[in-house]
Amino acid sequence: MAHIRILLLASIAASVILGADIVAAGPLIDELKLGVLWHDVPGLWSGFQAEPNSADINVEALLSPSVAFLGGTIRPAIGGSISTVGATSDGYIDARWQYETPSGIFFGLGLGAAVHNGQLKLDEWDRKALGSRVLFHIPAEVGYRFDDHNSLSAYFEHMSNAYTVSPNEGMDRLGVRYGYRF
């Protein structure tokens, strides 16, 4: 029941944001992304799954300030991935590099920090032991931009403490996102 409320609130928030005055959002927010991610995907960077098999809601804003770099742009990204079953959720801030081809295909990589509500040490066997409240956040994305405003992408995110403390079980999410560029 709680996950249905979270989905409903996320849908309402996205509707309000997308329906808001674009002129007011434009100077600060370049693009808003909303997605559904598979929680704690096994067999990827972190290696195994411990948390419940579920869907997470991902919301992210790519901010307008940018710097040209290697044919693409680097800009700040602020977002979060919310567990729909009460497992580990996080909020993050990244520096995101994105390269867009003339055909509409785009690639993105980032590096930043995430703060999560999961466990630090192994207290519950159905949760990851992440070792530190603040973790590195590493996203990767590949997608297609349909026009000046709309895109669809595959998105991956990894968070861990990079072995700065023990334990460091890490967590991966993988899914799809819709983007709206202002």
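Everything in this summary refers to the structure shown in the same document.

### Side note on the pairing of strand S9 (residues 171-181)
Here comes step 1: Burial within S9 is extensive, with eight of its eleven residues counted as buried.
Here comes step 2: Relative to S9, strand S1 (residues 29-38) runs antiparallel, the two being bridged by eight bridges. Each residue of the ladder has a partner; that of Val36, found in S9, is Val176.
Here comes step 3: Pairing of strand S8 (residues 150-160) with S9 involves ten bridges; the strand directions are antiparallel. For Phe156, the partnering residue across the bridge sits in S9 and is Leu174.

### Overview of the environment of His158
Here comes step 1: By the secondary structure assignment, His158 is in strand S8.
Here comes step 2: Residue classification places His158 among the buried positions, given a relative accessible area of 4%.
Here comes step 3: For the pair His158 and Asp172, spaced 14 residues apart in sequence, the C-alpha separation works out to 4.5 Å.
Here comes step 4: Once you skip the residues sitting within four places of it in the chain, His158 turns out to touch Trp45, Ser46, Phe136, His137, Ile138, Gly170, Met171 and Asp172.
Here comes step 5: Side-chain polar atoms of His158 contact the side chain of Ser160, separated by 3.2 Å.
Here comes step 6: At 2.5 Å, the side chain of His158 and the side chain of Asp172 are in polar contact.

Cut-offs used in this document
Residues numbered from 1 in each chain as written. Predicted model: local features only at pLDDT ≥ 70, side-chain atom pairs only at ≥ 80, totals over all residues. Heavy atoms only, no water. Buried < 20%, exposed > 50% of the residue type's maximum accessible area, 1.4 Å probe, protein only. Helix = DSSP H or I, 4+ residues; strand = E, 2+ residues; numbered from the N terminus. Pairing = 2+ DSSP bridges. Contact = heavy atoms within 4.5 Å. Polar contact = N/O pair within 3.5 Å; in protein donor to acceptor, adjacent residues only side chain to side chain.

So far we have only geometry, and geometry alone does not tell us how the molecule works.
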